[in-house]
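# Inside the fold
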Amino acid sequence: MLQSNLQYLHRNQVDAVKWDQCIDKAPNGLIYAFSFYLDHMAPGWSALVLGDYEAVMPLPLRQKWGVQYIYKPALVASLGVFGQSLTKELVKQFIQAIPPAIKLIDTCLNAGNIFQNPPEFHQLHNNFILSLQAPYEQLYSGYRDNIKRNIKRAQKLNNRYTTEIGVEEVIRLAQMQPDRSSHVTATDYANFTRLYQLLQAQKKAVACGVYTPANELVASCVYFFSHNRAYYIFVGNHPNGRTQGASHFLIDRFIHEHAGTGLLLDFEGGDFHNLAFFYSSFGAQPEIYPALYVNRLSWWMKLLSGKE
C-alpha cells in the first residue's frame, strides 16, 4: 500500500531549502541530488517527496513525441531515493509512486537503495571508492606495481601537478576525445561550467592538471566535494599523456594531498573492465548501485523508439 503522504511535485513546487536539508542529512546523500546540482544538469526535474521532506526522489524529466520519460542526465552518476531510515519497502513505494503519465523510466538508484545480498535489483552498476583515512605511505603501499611505475615515470619526466587550472582547460582536453564525451552536449558543458563556478566559490570544487616541462597539459580532472566525498566528476586526458604516466600521477597527487583526512575518493564508475582495473589499482573497492528501467510505452511506441 502506497504512503498517503507521498507527493509528486514539479520543480517550482519543491521547497529547495527543505529538499537540500534532506539530501545533506541523508546517510546515503550524494551531491547529484542537491537542488542546485539538478537545476544545472537536469533542468525541469520533478520529484517525489515523503511528508515534510523526510525522504525524496528526484525525477529528471524530458518529453519526446508528447511522451514524458525519466532519463540519465550528463555528469549525474546516480540518483534514487534519499533520506533517513530508508527501508526496502519504502524505496519500492517511491518507485511505484512514479506517475503513470511517465511512460519510460531509465535511471540509476544509489547504493543506499540496496537492502539485501544479493541485491534485489536485476541490473547493477559498479563504482569504485577509496578511503583516504590512512597516511599516504600506507595508501601508496596499496597501489599495484603498474601504478607505481607510471608515477615514477611522470616524476622522472619532470611533469608538474597543479590545482591552478581553469575548468575550461579540462573541458577542452575532454573534447579532444569525442569517443568518451560524445554523450555530453554543448549545453551540458555550459551548465557544468556554471555549476563548477558555483561550487568553486564555496570551496567545494577544484580542477587539477599535469603539465609537461614544455607546459603542455596532458592530464586533468575536476573534483566536487560533498558528504565527505571527493567526486572524480570529470576527466580530460591528452593522448600524449598515456606514455608519461600523467593520469596516474594526477590521481596520486590528489591522494597525497588528502591522505589522512578520512575523505572518500569516489571514482564515479567502473563498469568497463579497463576502468575497473585502473581504479582498483589504487586500492579502491567496489561499490554497487542499481539501475531502474521500466518501459510503459505502448507497443507501437516501443517499435517506433526501439525501446524494449
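Residues numbered from 1 in each chain as written. Predicted model: local features only at pLDDT ≥ 70, side-chain atom pairs only at ≥ 80, totals over all residues. Heavy atoms only, no water.

### Quick word on the overall build of the chain
Filter applied, for reference: Think of it this way: any DSSP run of H or I at least four residues long counts as a helix, any run of E at least two long counts as a strand, and we number them from the N terminus. It is over C-alpha atoms that the radius of gyration is taken, and the globule rule equals 2.2 Å times the number of residues to the power 0.38. Summary of the burial criterion: residues with accessible area below 20% of their type's maximum are buried, those above 50% are exposed, and those between are partly exposed, where the area comes from a 1.4 Å probe applied to protein chains only. Two residues qualify as a contact provided that any one of their heavy atoms is within 4.5 Å of a heavy atom in the partner residue. Here the open area of atoms and residues is found with the Shrake-Rupley method and a 1.4 Å probe, where only the protein chains shown may cover a residue. His is not counted, nor are the chain ends; Lys and Arg add positive charge and Asp and Glu add negative charge. The atoms used to mark charge sites are NZ of Lys, CZ of Arg, CG of Asp and CD of Glu.
Across its full length, the chain carries 11 helices and 14 strands. Computed over C-alpha atoms, the radius of gyration of the chain comes to 20 Å, within 12% of the 19 Å expected from 2.2 N^0.38 for 308 residues, which places it in the range of a compact globule. Judged by the C-alpha coordinates and their principal axes, the chain covers about 65 × 40 × 35 Å. By the burial criterion, 54% of the 308 residues in the chain qualify as buried. Long-range contacts, defined as pairs at least 24 residues apart, comprise 75% of the intrachain contacts of the chain with a sequence gap of at least 6. Carbon and sulfur atoms make up 52% of the accessible area of the chain, which totals about 14800 Å². Side-chain charges of the chain comprise 27 positive and 24 negative groups, with the mean position of each set lying 5 Å from the other.

### A word on the sheet that holds strand β14 (residues 285-295)
Heads up, the condition is: Here, a strand pair is defined by DSSP locating no fewer than two bridges between the strands. Think of each axis as a best-fit line through the C-alpha atoms, taken over the contacting stretch in the case of a helix, with angles from 0 to 180 degrees between the N-to-C directions.
Pairing within the open sheet is mixed, and its 10 strands lie in the order β4-β5-β7-β14-β8-β13-β12-β11-β10-β9. Of all the strands in the sheet, just β4 (61-64) and β9 (160-162) have a single pairing partner and so form its edges. The mean inter-strand angle of the sheet, taken between neighbouring strand axes irrespective of direction, is 25°. The pairing of strand β10 (residues 205-211) with strand β11 (residues 217-226) spans seven bridges and is antiparallel. Along β11, the bridge assignment pairs valine 206 with tyrosine 223.

### Observations concerning the pattern of salt bridges
Put simply, the test is: When a carboxyl oxygen of Asp or Glu is within 4 Å of a side-chain nitrogen of Lys or Arg, the pair counts as a salt bridge.
With the rule as written, the count across this model stands at seven salt bridges. Aspartate 106 is the partner of lysine 72 in a salt bridge, and the nearest nitrogen-oxygen pair spans 3.6 Å. Separated by 34 residues along the polypeptide, lysine 72 in the loop between β5 (67-70) and β6 (82-83) and aspartate 106 in strand β7 (residues 102-108) bring together distant segments of the chain. Residues arginine 229 and glutamate 287 are paired through a salt bridge, measuring 2.8 Å at the closest nitrogen-oxygen approach. You can see arginine 229 sitting in strand β12 (residues 229-237) and its partner glutamate 287 sitting in strand β14, a full 58 residues away along the chain. Residues arginine 229 and glutamate 287 agree in their burial class; the two are buried. A network of salt bridges, in which partner residues are shared, links Arg229, Asp266 and Glu287.

### Some thoughts on the packing of helix α5 (residues 145-156) against helix α9 (residues 246-258)
Note the threshold: Here is the rule for angles: anything less than 35 degrees is roughly parallel, anything more than 145 is roughly antiparallel, 65 through 115 is roughly perpendicular, and the remaining ranges are oblique.
Close contact between α5 and α9 brings their axes to 8 Å; oriented N to C, the two are set at 95°. On the basis of their axis angle, the class for α5 and α9 is roughly perpendicular. Along its contact with α5, which presents Ile147, Asn150, Ile151, Ala154 and Gln155, the element α9 presents His248, Phe249 and Asp252.

### Quick notes on the pairing of β5
Residues in a regular strand project their side chains so that they alternate between the two faces of the sheet. Both β4 and β5 contribute to a ladder of four bridges, which runs antiparallel. Counterpart to lysine 64 in the pairing with β5 is valine 67. Linking two consecutive strands that pair antiparallel, namely β4 and β5, is a turn of two residues; a positive phi of about 55° is found at tryptophan 65 within it. Sheet topology places β5 next to β7; three bridges connect them, and they run parallel. Across the sheet, residue glutamine 68 finds its bridge partner in β7, namely isoleucine 102.

### Some words on the sheet that holds strand β2 (residues 46-50)
Taken together, four strands build an open sheet; the order of strands is β1-β2-β3-β6 and the sheet is antiparallel. Looking at strand neighbours, the two that pair on one side only are β1 (6-10) and β6, the edges of this open sheet. Bridge count between β2 and strand β3 (residues 55-59): five bridges; the pairing is antiparallel. If you follow valine 49 over to β3, its bridge partner there is valine 56.

### Digging into the pairing of β12
Our working rule: For a crossover, the right-handed case is the one in which the path from the first strand over the helix to the second runs clockwise, viewed with the strands pointing away from the viewer.
Burial within β12 is extensive, with eight of its nine residues counted as buried. In this structure, β11 lies alongside β12, joined through eight bridges in antiparallel fashion. In the sheet register, phenylalanine 225 faces β12, and the bridge partner there is alanine 230. Counting the residues between successive antiparallel strands, the hairpin from β11 to β12 contains two residues, one of them, histidine 227, with a positive phi of roughly 50°. For the crossover that starts at β12, traverses α9 and ends in the parallel strand β13 (residues 264-266), the hand is right-handed.

By themselves, these are just geometric observations and shouldn't be taken as functional.
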